[in-house]
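# Residue-level structural notes
Listed below, chain by chain, are the residues.
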Amino acid sequence: MKMKTFVAVALTIAMNSACSSAPKKQSLQVTQIQQPQTSSYSPNPADVKRLQETNQCLGCSLAGADLRSANLKKANLQGADLRAANLSGANLSEVDLTGADLRQANLSKTNLLGAKLTAAQLNWSGDSTNSRVNLRQADLSKANLITAYLRGVDFSEANLSGAYFHAADLNQAILIKANLSKADLAGVKLSNADLTKVNLQGANLLGANLSETNLSNANLQGANLQAVSLTRATLNQANLSKANLISAKLNGANLSGANLSGANLLTAILANADLSGANMQKAYLHSAELSKANLSNVSLIQSDLSAALLNQANLSNANLSGSNLKRSSLTGANLSNVNLQGANLQGADLTETNLTQADMTKTNLAQAYLTKTDLGSANLQGATLNGAKLSGANLKNANMKNVVGLNSL
């Protein structure tokens, strides 16, 4: 009987001990942060606990921490080490990550609305695709990324509208289908970046470096691209209507099929650029450099190309009706089959230019230089030729009906 009583008491004690220890074990699991299996980093448990209890952890060691879907709204993580941390789906809205190290971190679908990432480290080592910081589909609208190190970051389909990137390093970044509307990207480095189908409508890119960047099918409508470098950039089918491209460098860029209607290209450099099939109606190209550019089949209706340099450019089959080419230089250019109806070419230099079969009905060629110009089979009906220089010009089969100033030639 005594033995049975002893066993019963022992069982009771064991059960009570198990029940009392269960909550402690559960509490430990809550505070413990799992680190990704692929990470070689280990977070500091004390720092993790401090973050969870106070929502503040300046300079904390959280490298490799698993913070998926964590609610860290308005947390202070200045200077924290978050290398290779998993923050996917976390709420980091209005968080302060100034100077934080987020290299190799996973921030996909993270909410970083209004977050502060000034001078934060998110650089890609370039070793492998997996070492890129992942911010795909993240919300960074109105975030502060001034002077942040963002080289090679994957921002695919991220919301960056109204974000502030002033002087940030975004070289080799991936921004495919990202929303950067009204973002401030003044002075940023974006060379060799992929911005395919990106939305930059109304964005400020003043003085930015986008050389050799892929912007095909991008929306840059109304964007400020003044003094931007787009040397050898890919902008085919891009929407640049009413964009500010004053003094922009677009030499060697691919702008085939792009929409540049109403764009301001004052003194822009487009030498050797491919603008074939582009829509440039009512574009402003005063004093622009377009030597050796491909402008075949381009629409330049009512555009201003006064004093522009178009030497050896290809303008075959282009539509320049009603355009202003006063004092422009087109020496050695190909303007075969071009439409120049009602265009103003007063004082333009067309020396050795190919204007065969061009439609120059009512075109103003007063004081123009047409030395050795090929006007074979061109339509010059009603054109003005007062003071034009035509020595050595080919006028075979040209329509000279009602030409003004013909008697003075």
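A brief report on the enclosed structure follows. (Residues numbered from 1 in each chain as written. Predicted model: local features only at pLDDT ≥ 70, side-chain atom pairs only at ≥ 80, totals over all residues. Heavy atoms only, no water.)

### Here's the deal with the environment of serine 329
Positionally, serine 329 belongs in the segment after helix H2 (45-54). Along the chain, serine 329 and tyrosine 369 lie 40 residues apart, while their C-alpha atoms are 9.5 Å from each other. Those residues within four positions of serine 329 in sequence are excluded, and the remaining contacts are Ala308, Leu309, Leu310, Asn311 and Asp349. (Helix = DSSP H or I, 4+ residues; strand = E, 2+ residues; numbered from the N terminus. Contact = heavy atoms within 4.5 Å.)

### Notes on the state of the cysteines
Taken as a whole, this structure holds one disulfide when the rule is applied. Residue pairing for cysteine 57: its cysteine sulfur links by disulfide to cysteine 60, the two sulfurs lying 1.4 Å apart. Looking along the S-S bond of the cysteine 57-cysteine 60 disulfide, the torsion reads about -80 degrees, which is the left-handed sense. (Disulfide = S-S within 2.5 Å.)

### Some points on the pattern of salt bridges
Going through the model one piece at a time under the given rule, you end up with six salt bridges. In this structure, arginine 232 and glutamate 212 form a salt bridge, with 3.0 Å as the shortest nitrogen-oxygen distance. One end of the pair, arginine 232, is in the segment after H2; the other, glutamate 212, is in the segment after H2, with 20 residues separating them in the sequence. Take glutamate 212: its relative accessible area is 39%, and that puts it in the partly exposed class. (Salt bridge = Lys/Arg side-chain N within 4 Å of Asp/Glu carboxyl O. Buried < 20%, exposed > 50% of the residue type's maximum accessible area, 1.4 Å probe, protein only.)

### Concerning the packing of aromatic side chains
Considering all chains together, one arrives at one aromatic pair under this definition. With 6.5 Å between their ring centres and 85 degrees between their planes, phenylalanine 155 and phenylalanine 165 make a pair best called edge-to-face. Of the two residues, phenylalanine 155 sits in the segment after H2 while phenylalanine 165 sits in the segment after H2, which places them ten residues apart along the sequence. Positioned over the ring face of tryptophan 124 is arginine 132, at 3.7 Å from the centre of the ring. When the ring centre of tyrosine 369 is taken as origin, the NZ or CZ atom of lysine 389, which lies over that ring, is 5.5 Å away. (Phe/Tyr/Trp six-rings, centres within 6.5 Å; stacked < 30°, edge-to-face > 60°. Lys NZ or Arg CZ within 6 Å of the ring centre and 35° of its normal.)

### Looking at unusual backbone geometry
Even without a glycine there, the phi angle at alanine 307 is positive, about 60 degrees. At lysine 372, a residue that is not glycine, the phi angle is positive and equals roughly 55 degrees. For lysine 372, the position within the fold is in the segment after H2.

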